[in-house]
Amino acid sequence: MTHQTGIATRVVLYIVLIGAALLTAFPLLWMVSASFMPTGEANSIPPPLLPSEVTFEHYRQLFTQLNMGRYLFNSTLLATAVTLLSLLLNSMAGYAFAKFRFPGRDGLFKTLLAALVIPAQVAMLPLFLLLKSMGLVNTYGGVIVPTMASIFGIFLIRQYTLSVPDSLIEAARIDGASEFRIYWSVVLPLIMPILVTLAIFTFMGTWNDFMWPLIVLTDNDLYTLPVALAVFSREHVQDNELMMAGAVVTVLPVLLVFLALQRYYIQGIMMGSVKG
Amino acid sequence: MSTAVQHADASQVSVSFGTRMRRLWRASTTGPARAAYLFLAPALTVIGVFFFLPVLAALLLSFTDFDIYALGNPDNARFVGFGNYVRLFQTPVFWKALGNTFYFVLVGGPLSVAVSLGAALLVNTKLVRFKGLFRTVFFAPVVTTLVAVAVVWRYLYHTRYGFLNYALGWVGINPIDWLGDPTWAMPAIIMLAVWKNFGYNMIIFLAGLQNVPEELYEAAHIDGAGKWSQFRHVTLPMLAPTFLFVGIITMVGYFQLFAEPYVMTQGGPLQSTVSVVYLMYEEGFKWWNMGCRGLRAVRHHFHRHIDTVALAAQWSGRMTGGEGEGKRGRKGEREKKMRIENRKNLTNQQPETKNQKSFA
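Residues numbered from 1 in each chain as written. Chains lettered and ligands numbered in written order. Predicted model: local features only at pLDDT ≥ 70, side-chain atom pairs only at ≥ 80, totals over all residues.

### Quick word on the overall build of chain A
Looking only at helices and strands, chain A has 13 helices and zero strands in total. By the compact-globule yardstick of 19 Å for 276 residues, chain A is too spread out, its C-alpha radius of gyration being 24 Å. The principal-axis extents of the C-alpha atoms in chain A amount to approximately 75 × 70 × 35 Å. Within chain A, buried positions represent 43% of all 276 residues. Taking as baseline every contact in chain A between residues at least 6 positions apart, the subset at least 24 positions apart corresponds to 76%. (Helix = DSSP H or I, 4+ residues; strand = E, 2+ residues; numbered from the N terminus. Rg over C-alpha atoms; globule rule 2.2 N^0.38 Å. Buried ≥ 20, exposed ≤ 12 C-beta atoms within 10 Å, placed from the backbone. Contact = placed C-beta atoms within 7 Å.)

### With respect to the overall build of chain B
The helix and strand inventory of chain B stands at 19 helices and zero strands. With 360 residues in all, chain B has 39% of them scored as buried. A sequence separation of at least 24 residues applies to 69% of the contacts in chain B between residues at least 6 apart.

### Describing the nonpolar core
The nonpolar side chains of a soluble globular protein tend to be buried with one another. Within the largest apolar cluster, 134 residues are counted, with the highest numbers of intra-cluster contacts made by A:Ala93, A:Ala247, B:Val147, B:Ala150 and B:Val152. The element best represented in this core is helix 3 (residues 68–99) of chain A, accounting for 12 residues. Ranked by size, the runner-up nonpolar core spans 19 residues in total, among them A:Ala21, B:Val123, B:Phe198 and B:Phe205. (Core = buried A, V, L, I, M, F, W, Y, C linked by C-beta atoms within 7 Å.)

### Describing the environment of B:Val194
Residue and element names in this part refer to chain B. Relative to the helices and strands, Val194 is located in helix 10 (residues 182–210). Each C-alpha atom of the pair Val194 and Arg135 lies 16 Å from the other, and the pair is 59 residues apart in sequence. With residues up to four places along the chain from it excluded, the contact list for Val194 reads Gly108, Leu111, Ser112 and Val115.

### A closer look at helix 7 (residues 131–143) of chain B
All names here are of chain B. Between the first and last C-alpha of helix 7 there are 19 Å, a value that for 13 residues agrees with the 18 Å anticipated at 1.5 Å per step. At Val137, helix 7 shows its maximal kink, close to 30°; a proline, Pro141, follows between one and four residues later. Regarding helix 7, the residues found buried are Phe134, Arg135, Val137, Phe138, Phe139, Pro141 and Val143. (Expected span 1.5 Å × (residues − 1). Bend = angle between axes of the 7 residues up to and from the residue.)

### Topic: the environment of A:Ser150
All names here are of chain A. In this fold, Ser150 is placed in the loop between helix 6 (140–144) and helix 7 (151–161). Distance in space between the C-alpha atoms of Ser150 and Glu235 is 35 Å, their sequence separation being 85 residues. Leave out the neighbours within four places in its chain, and Ser150 touches Ser86 and Asn90.

### Concerning the interface of chain B and chain A
Every contact between the two is made by 84 residues of chain B and, on the other side, 83 residues of chain A. Looking at the side of chain B that touches chain A, the element that brings in the most residues is helix 3 (residues 31–61) of chain B, giving 19 residues. Taken together, the residues of the side of chain B that touches chain A sort by class into 65 nonpolar, 14 polar and five charged. (Nonpolar A, V, L, I, M, F, W, Y, C, P; charged D, E, K, R; others polar.)

### What to know about unusual backbone geometry
Residues and elements named next belong to chain B. We note that Gln266 has phi near 50°; this positive angle belongs to a residue other than glycine. In this fold, Gln266 is placed in the loop between helix 14 (259–264) and helix 15 (276–286). Judged by the 24 C-beta atoms lying within 10 Å of it, Gln266 is buried. If you check the backbone angles, Leu270 has positive phi at about 50° while not being a glycine.

### Thoughts on the packing of helix 11 (residues 214–222) of chain B against helix 12 (residues 227–238) of chain B
Residue and element names in this part refer to chain B. Taken N-terminus to C-terminus, the directions of helix 11 and helix 12 make an angle of 140°; their axes are 10 Å apart at the nearest point. Taken together, the axes of helix 11 and helix 12 are oblique relative to one another. Note that helix 11 runs across helix 12; the crossing there is right-handed. Contacts between helix 11 and helix 12 involve Leu216, Tyr217 and Ala220 from the former and Gln230, His233 and Val234 from the latter. Of the residues belonging to the contact of helix 11 with helix 12, the class tally is four nonpolar, two polar and no charged. (Axes fitted to C-alpha atoms, helices over the stretch in contact; angles between N-to-C directions. Parallel < 35°, antiparallel > 145°, perpendicular 65-115°, else oblique. Left-handed = near helix turned anticlockwise from the far one by under 90°.)

### Focus on the confidence of the model for chain A
Scored by pLDDT, chain A comes out at a mean of 88, with 96% of its residues at no less than 70. Considering each helix and strand of chain A separately, the mean pLDDT is smallest for helix 13 (residues 240–275) of chain A, with a value of 84, and largest for helix 3 of chain A, with 95. (pLDDT = per-residue confidence, 0-100.)

As structure tokens, then:
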């Protein structure tokens, strides 16, 4: 009797779970499916689930006529540059906060933490004017420079670096290693997992960012994928299949990065949430 | 936050400023402290120059009549005290945007949290296998590009060919003009936001659930508590800190609503999806009506720190129904061209020829 209700519960549970999973995955699956449909097929009743015949024409059109290769390059370049630079800057600062005693440390750190709640939008207009006076508006630098360091990144690195044993650092210091050498050859290898986590966060954040690139990059040739896609979506409202192909090109790289490295990503969310 | 900074400064500067500075100078130019400052310098310089400075500037700009004319010669900007604030409060579209944003936050926020908790409870059940797989599927939307999925959902919402209306047709519901009807546009955006974001909070809830000691459930079971009352009296109280954290990050994130209306509705129909940040973008970056935008940035920030529920109650009474004559923007319009309707309400004295490109 109880055994039977156990099975019944389990069946209901699986039905609900699988239903929810299908519902969640549906928009993404349909996006991929529609991107292979011949032009106009997505606009029929009932809406088709699968393409009647698979065509790559939309992908071809994106890359030959709509300059998609350029946008893909821009996004990749910007996300990679921001990731590498912010890893360097944030890890140095996070290490300093975790392992050095110096006047003003705690006050400085608390100030940074308090500032975490300020939304970036508040600073956007003066930041734009500042970058304009520096000649960085409408350049890659306009995206890279302001995001080279982040409070969240410093915080994440600092929390992890606290667990590095002081004795290792002291031993290296006694052996006469320079401070930079200690950071580079002793500390960095030990905090590798959190560096991977931060790298994924930064890469995805930069890749997916929309508002700031929209503001600071006005030249067509500098657009990132999300900006270009938003522009297309206003120009090509009727071209369903083409837009779906554009969405696939935009989403796929980050989705793959996530699937390959999700362990680190989820660990990062947990770390951020534990200390809040 | 400016108060937070002042507060931190004040605590540092306490009694003996001079002595403290001398000691600080000596300590910071010798030994490991010097190394620490060198390690900190690059990151703190970037954050100071490109974040703290602009935040302070935004605050100051909001008290001037800074606009496109002052851009060439900053001396043209004059101090206008609270003039901008007064003007903003007299602007119907601001209240509209504020109301829309609160609608999004107060309906979308709790809904997201509820769906996240539901998903976490489902995935966490002991009876279920393949937990990792389900977790990954539920989490996938979080990592996708918002602009891209907004484009996808725009087609799912299509009145004639969209899947949503097709599915509703099975249960006998007539097609809804999701993005073209002022009543349904915001709910449509909320549904997209819930779908996109629930996986993130689900992960945090899962961590919280795993920290609930098993003994509590056993004790409750022995005391004769059923599943529901175990959930009510064990799970929910134990998750209280998680709720607080999840609630705060969700609210803070949701106040920044921008890309969804930008891609799906352009703020329409009838300004029903103009959010505060969207208005900031339109005003600040489209029309260079800058003094006004700096101010809105400040207001935006200010609101986030006050008890949101109390504020919503207070404002919903004051909300004036200031819709303009706005219709949905022409669809094929070029991206940088903007809807005129929004602007008319705000800046009727501004010349219309200025746009982003001519400026930058």
